[in-house]
Amino acid sequence: MAHVESAHLVELALRNATPTDADAEALRHIDDCARCRDDLRALTRVVAAARTAHLVDLPTAPPERVWRRINRDLSDEKPAPRLQTSALTPRGTRRLLATLSFAALAVVVIARWFRHERSKPVQ
Ligand SMILES: [Zn+2]
């Protein structure tokens, strides 16, 4: 089996869906593949951090434009309602988690690209 796709690793880290046969196959691969295992471990840490994050964990609350930008980037919905509480709402938590997951996915893709580039013979 080829390495587990980055998007599938994110899904495995999120553990939001009922496991499928594809998940079982991916997990068997991950058991034998250090690269995929390391990527899944890193993504799982990001997900755990995001799920326990609160606005009080941030040095300052993000400005309203950040939430509008996140909302605009993640959906075609109207701009997000103004954040009125000092704690993340469940919807805000999901958005933050989705954003961090996309960031983690980007990190995995970049790390894989660097590994690929380093593995090329020097000319
Ligand atoms: Zn692998």
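Read on for an overview of the structure. These figures come from a predicted structure and were not determined experimentally.

### Some thoughts on the coordination of the zinc ion
Right, so step 1: Bound to the zinc ion on the protein side are His-3 (ND1), His-29 (NE2), Cys-33 (SG) and Cys-36 (SG), at distances that span 2.0 to 2.3 Å.
Right, so step 2: Metal-centred angles of 101 to 122° between the 4 donor atoms at the zinc ion mark the site as tetrahedral.
Right, so step 3: One chain supplies every donor for the zinc ion, spaced along it as H-x25-H-x3-C-x2-C.

### Side note on the packing of helix H1 (residues 6-14) against helix H2 (residues 21-32)
Right, so step 1: At a minimum axis distance of 11 Å, the contact between H1 and H2 shows a crossing angle of 100°. Between H1 and H2, the crossing angle belongs to the class labelled roughly perpendicular. Residues His-8, Leu-9 and Leu-12 of H1 form the contact with H2, whose participating residues are Ala-22, Asp-23, Ala-26, Leu-27 and Ile-30.

### Concerning unusual backbone geometry
Right, so step 1: The phi torsion at Arg-15 lies on the positive side, around 55°, for a residue other than glycine.
Right, so step 2: For Arg-15, the position within the fold is in the loop between H1 and H2.

The rules behind each value
- Once a new chain begins, its residue numbering starts again from 1 and follows that chain's sequence as written.
- Thresholds applied to this predicted model are a pLDDT of at least 70 for local features of residues and 80 or more for the giving and counting of side-chain atom pairs; totals over whole chains, interfaces and linings are not thresholded and use all residues.
- Remark: hydrogens and water are excluded; side-chain values derive from all non-hydrogen atoms of the structure.
- In this analysis a donor is any N, O or S atom within 2.8 Å of a metal ion (3.2 Å for sodium, potassium and calcium), and since water is not included, sites may seem incomplete.
- Key to geometry: four donors with every angle between 85 and 135 degrees are tetrahedral; four donors are square planar and six octahedral where opposite donors lie over 155 degrees apart and all remaining angles lie between 65 and 115; all other sites are irregular.
- Between N-to-C directions, angles span 0 to 180 degrees; the directions come from axes that are lines fitted to C-alpha atoms, helices contributing only their stretch in contact.
- Helix and strand definitions follow DSSP, with helices as H or I runs of at least four residues and strands as E runs of at least two, each counted in order from the N terminus.
- Convention used here: angles under 35 degrees read as roughly parallel, angles over 145 as roughly antiparallel, angles from 65 to 115 as roughly perpendicular, and any remaining angle as oblique.
- By definition, residues are in contact when any of their heavy atoms lie within 4.5 Å.

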